[in-house]
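Chains, contacts and geometry: an overview
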Amino acid sequence: MKLIIQWSMKACASFFLVYTVVLSIHLLCPVIAGNMQNETDRLALIAFKDGITQDPLGMLSSWNNSLQFCRWSGVYCSRRHVHRVTGLILFSHGFVGSLSPHIGNLTFLRTLVLQKTSFHGKVPAEIGGLFRLQVLVLSNNSFEGKVPTSLTYCSELEELNLVNNKLEGKILEELGSLSKLRALGLANNNLTGMIPASLGNLSSLSLLSVGDNNLVGSIPEEVGKTSIDFIQLGINRLTGTIPSSLYNLSNMRYFGLSSNQLEGSHSQDIGVAFPHLRQLVLVENGFTGFVPISLSNASMLEGIFLSINNFTGLVPPNLGRLQNLRAINMATNQLGSSIGDDLSFIDSLANCTRLQTMVFTNNFLKGPLVSTIANFSNQLSTIVLGINQIHGTIPSSIENLVNLTYLDLVMNHLTGSIPSNIGKLHKMQALGLLGNRLSGGIPFSIGNLTLLLNLDLSSNNLVGDVPSSLAACHKLEYLSLSNNSINGSIPNDVIGLSSLMVLQLGGNTLTGALPLEVGHLINLVELDVRSYIAANSSRFRTLGSFSQKFSGKIPMFLGDLPFMTYLNLSFNELEGEVPSVEANVTISVEGNKNLCGGFPKLHLPTCVNVTSYSSKTRK
């Protein structure tokens, strides 16, 4: 979800950038310098420069008396009035400082763009005196305080972009008086209150982005009176239902309401109402009802994001008509039926030749894993169908998905073996099959997945050895093979993979000693081998014996492992002194009859005639 929200914010920022560039080109004329200079404008620019405390790229080095100010970097002057500044455009230059109130003296200014810099302090109220101003972009800075009411005096304003600052207060009701406003961006600030109904007066408004604030209340019905084709209201605390008037905005291309508290069902005709829709982002709300079957009418759709809601019923079977679809995510809903043939939509989606991401995890989807899943275009990189009620086998034809990087089929009812040709998916980075009923051995070819970061085959019925070929997976960070029937010894080269952060092998029938190569696991955070007490590492967090019958003394160095937070040695046959551990470590030693010492809360007898082997006494 976080990635989806980040993507939608990036989409909004990209749109604003294109909008700004196009509008600025329209407004600005070529620089024409004459011998005359307007002293008011020159002094205003000097005051602007004086407010900048850092200019790491030296972008203002040209701002000196050797050049007429119309030739200064980022300064644009009028064609008709050669000595008057009509544009000041500076972005991504690393400036640090405050915006001088003298900016209000540039009375011919039409375009002011100070984007992706580090301006701080308040937005000067004096900007409200720029009655010719048409474009104001102060996004991606650190401006604080309230949005000045005086901005509403800029009656010619067409774009107001204050995205990604630290502004607070309410959205000004008076913004509804800016009749020429086409784009309003206030996203990613600390704004509170409600979305003003007065925005419905802005008949020319095509872009509204006020997401990632603390806005409350409902979406005003009046918003449907505008010309909006891009709406981003995500990451607020909006409540209520979607106003029916919004479905009148027939030019809608981006519809983003994610991470609110909205509820109710959607118009089943949304695909007809929004024929030009490209992105539908409704993640993390309380929407109910069926997923509208009319979505297939929005033939330009590229992304459908409906995860973390309460949608029910079947996934529409006609989504294959969306030839531009690149991503679909309906995770964490209540999709499915009692019939048990809920995956037929996959047959249709296989026709979406541009599809890259398909996510339906955490639903109630029943039925067999259809072999059609291997018929997708090789554009497909992500398949997530975990936490459903899918049965059947993993088709060997999955080898056709040569660009697959993420395959998640966890916690289903899959049976059969892991296809031996899975090693042909050379771009695979994460493979999750835990919590199924898979049997047979772990394919030796899995070692061909050299880009693998995450491999989880735990809680199945796998047998045989840990394949030594895993040693070739030099980027592997997470390896879980626990709760199977794997036997034999742990290959030295596998347990010595220095990239490993989590290694879970417990709940098997592994034999032999823990290889000394475990000392190579310099990045290890968690180790679960259950039948072993780990040694030769100081970065383990979790060690578990889980009711195994260990005997002998507890190695005293366990008390010196600085990153360990959990130690369970219960129900063994251990004896002797319990090592002292840090106060934040959870330790359990119950079920061992011959232990002594340790924390008082363990209620063990005091040790008598015990020689301490603590590392504090070792040399």
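Small disclaimer: the values here were computed from a predicted structure and weren't measured. (Residues numbered from 1 in each chain as written. Predicted model: local features only at pLDDT ≥ 70, side-chain atom pairs only at ≥ 80, totals over all residues. Heavy atoms only, no water.)

**Description of the state of the cysteines**
Evaluated as defined, the whole model comprises two disulfides. At a sulfur-sulfur separation of 1.9 Å, the disulfide partner of C70 is C77. Between C70 and C77, the S-S dihedral sits near -95°, and the bridge is therefore left-handed. C70 gets classed as buried once you look at its relative accessible area, which sits at 1%. C77 gets classed as buried once you look at its relative accessible area, which sits at 0%. Each disulfide in the protein chain links cysteines that, numbered along the sequence, combine into the pattern 1-2, 3-4. (Disulfide = S-S within 2.5 Å. Buried < 20%, exposed > 50% of the residue type's maximum accessible area, 1.4 Å probe, protein only.)

**Regarding the sheet that holds strand β36 (residues 485-488)**
On the basis of which strands lie adjacent, the open sheet formed by four strands has the order β32-β34-β36-β38 and parallel pairing. Each edge of the sheet is formed by a strand with only one pairing partner; in this case those strands are β32 (439-441) and β38 (509-510). As defined by bridge partners, β32 adjoins strand β34 (residues 461-464) across three bridges and the pair is classed as parallel. Bridging from a neighbouring strand, S439 pairs with N461 of β34. (Pairing = 2+ DSSP bridges. Helix = DSSP H or I, 4+ residues; strand = E, 2+ residues; numbered from the N terminus.)

**Topic: the packing of aromatic side chains**
In this structure the tally under the stated criterion is nine aromatic pairs. Arranged with centres 6.0 Å apart and planes meeting at 45°, the rings of F48 and F119 form a pair that is tilted. Placement of the pair is F48 in helix α2 (residues 39-50) and F119 in strand β6 (residues 118-122), with a sequence separation of 71 residues. Considered together, F48 and F119 belong to a single accessibility category, that of buried residues. (Phe/Tyr/Trp six-rings, centres within 6.5 Å; stacked < 30°, edge-to-face > 60°.)

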